[in-house]
Amino acid sequence: MNESSDLLSPSDLLNIESLFSPEELAMRDKVRSFVDSTIRPNIATWYEQAVFPVGIIKEMAGLGLLGMHLKGYGCPGRSAVEYGIAAMELEAGDSGLRTFVSVQGSLAMSAIYKHGSEEQKNQWLPKMAAGDVVGCFGLTEPTAGSDPGSMKTFARRDGDGWVINGSKRWIGLASIAQIAIIWAMTEDGVRGFIVPTDTPGFKATPIEPKLSMRASIQCDIELSEVRLPVTALLPNAKGLRGPFECLNEARYGIIWGAMGAARDSYETAVSYSQERLQFDKPLAGYQLTQEKLVNMALEINKGMLLALQIGRLKEAGQLKPHHISVGKLNNCREAIQICRDARAMLGGNGITLDYSPLRHANNLESVRTYEGTDEVHTLILGNHITGIPAFR
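By the naming in an unreviewed UniProt entry, the protein is glutaryl-CoA dehydrogenase (ETF), taken from Arthrobacter oryzae. According to the UniProt record, the Catalytic activity (unreviewed entry) comment for the protein reads "glutaryl-CoA + oxidized [electron-transfer flavoprotein] + 2 H(+) = (2E)-butenoyl-CoA + reduced [electron-transfer flavoprotein] + CO2". Regarding the protein, the relevant UniProt record gives this comment under Cofactor (unreviewed entry): "FAD".

Novice: Can you explain the overall build of the protein? Please cite residues and give values.
Specialist: A tally of helices and strands in the protein yields 11 helices and 12 strands. A compact globule built from 392 residues would reach a C-alpha radius of gyration of about 21 Å, and the protein, at 21 Å, matches this within 12%. For the protein, the C-alpha atoms occupy an extent of roughly 80 × 45 × 40 Å along the three principal directions. Contacts in the protein between residues at least 24 apart in sequence constitute 74% of all its contacts with a sequence separation of at least 6. Of the roughly 16700 Å² that the protein leaves accessible, carbon and sulfur atoms contribute 53%. Looking at the protein, you have 39 positive and 44 negative side-chain charges, and the mean spots of the two groups are 4 Å apart.

Novice: So what's going on with the UniProt feature "domain: Acyl-CoA oxidase/dehydrogenase middle" (unreviewed entry) in the protein? Which residues, and what values?
Specialist: Per the UniProt record, "domain: Acyl-CoA oxidase/dehydrogenase middle" (unreviewed entry) is annotated on residues 136–226. With 0% helix and 55% strand, residues 136–226 has end C-alpha atoms that lie 16 Å from one another.

Novice: Describe a nonpolar patch on the surface, listing the residues and the values that go with them.
Specialist: Side chains of L13, L14, L19, V294, L298 and L305 sit close together on the surface and give an oily, nonpolar patch of about 510 Å² of accessible area. Note that L19 resides in the segment before α1 (22–39). On the basis of relative accessibility, which here comes to 37%, the residue L19 falls in the partly exposed class.

Novice: Could you give an account of the domain arrangement of the protein, with specific residues and numbers?
Specialist: Along its sequence, the protein is organised into domain 1 (16–130), domain 2 (135–239) and domain 3 (241–386). Computed from C-alpha coordinates alone, the two centres of domain 2 and domain 3 are separated by 30 Å. With 12 residues of domain 2 at the interface, the matching set in domain 3 holds 13 residues. Carbon and sulfur atoms supply 69% of the area that domain 2 and domain 3 bury against each other, a total of about 840 Å² over both sides. Taken as a group, F137, S212 and M213 account for 44% of the area that domain 2 buries against domain 3, more than any other trio of residues on that side. In this structure, the connection of domain 2 to domain 3 is made through zero salt bridges. Between the two partners, domain 2 and domain 3, sit five residue pairs in polar contact (both at pLDDT 80 or more). Among the residues making up the side of domain 2 that touches domain 3, the classes are represented as seven nonpolar, three polar and two charged.

Conventions used here
Residues numbered from 1 in each chain as written. Predicted model: local features only at pLDDT ≥ 70, side-chain atom pairs only at ≥ 80, totals over all residues. Heavy atoms only, no water. UniProt positions renumbered as here; feature names shortened; annotations may be inferred. Helix = DSSP H or I, 4+ residues; strand = E, 2+ residues; numbered from the N terminus. Rg over C-alpha atoms; globule rule 2.2 N^0.38 Å. Contact = heavy atoms within 4.5 Å. Areas by Shrake-Rupley, 256 points an atom, 1.4 Å probe, with all protein chains shown as cover. Lys, Arg positive; Asp, Glu negative; His and termini not counted. Charge placed at Lys NZ, Arg CZ, Asp CG, Glu CD. Patch = residues over 30% accessible without salt bridge, like charges linked within 9 Å, V, L, I, M, F, W, Y side chains within 5 Å. Salt bridge = Lys/Arg side-chain N within 4 Å of Asp/Glu carboxyl O. Buried < 20%, exposed > 50% of the residue type's maximum accessible area, 1.4 Å probe, protein only. Domains from an automatic or database assignment. Buried area = accessible area lost by both parts, 1.4 Å probe. Polar contact = N/O pair within 3.5 Å; in protein donor to acceptor, adjacent residues only side chain to side chain. Nonpolar A, V, L, I, M, F, W, Y, C, P; charged D, E, K, R; others polar.

Rendered as structure tokens:
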């Protein structure tokens, strides 16, 4: 492993950079440059105006960020750690823009990649990797969030096709997507379908106004007698294992991404505290300020090492579901506290969009909730530790 020639980040107390390969550091630098040039100058306006910048989709595709961990079918085929690093750098810009990459690649594309036929893979994955087709992933419902097994959306056989009725909620990208991966109950259990969004009976409506994830899109979906050919069915997805395998891909990215938001907030607080004078000396010169900064940095270093270990396990084919829950629970929980503490250090200035911590904290309220709440991941880990499921 090589050490970066760049100066270490003020959050890197342990020279964690030395644990990354040259290829991984090159990916970091490439995505960080994109964030610095394209996202940072515009994100306050996008967030305030609740705009998702669709114009950056093709630029993200050109950087190899869409389905980047998938191999073949026009996908970049990068490593798990490279994907994690990209997620971290994107979320240092904004959680909503990292979420786009996650929904497109880790959810919609992964569903086709893991569960689709060869025909479905060849039809959709190259276009999605190129950013020519946007996908969404319809699992959550108005009354079925943490318990997707209770979903009401139902697909019935009708002649040589399928007809779907139901509703979904909090579905990222649905109003701009060309295809939706819809999970529905059938007589044989939960199945997945590729639904072109221009199919009659499909309607996606953005959820507004929001206090979080304002630079991204989440929608309600209504499916009313949506008629599909038999070829719309994902043949290899049977039962809840189908969507859960995709959710774990997205959760993996969150483990890294949350640390990006935390790092950006911390570095903002460090810079601010060194420049802001109170009682004739910088805030950084006070013991209470230094204690806060130290505690933030410690948690960022722990979270980074956790993300990297989980990434290496993934690359080695040794990743297990409870590993994902360790990372998602810990890193979201710590990141949101770091962002809140950073905001407090900025005083009144911290509630403006001139500074990132409160925007990150608000976004992380969503990140902490989706892909499994704290409570759900706690119960997954409790089940792993004790062998006793306590979900009900």
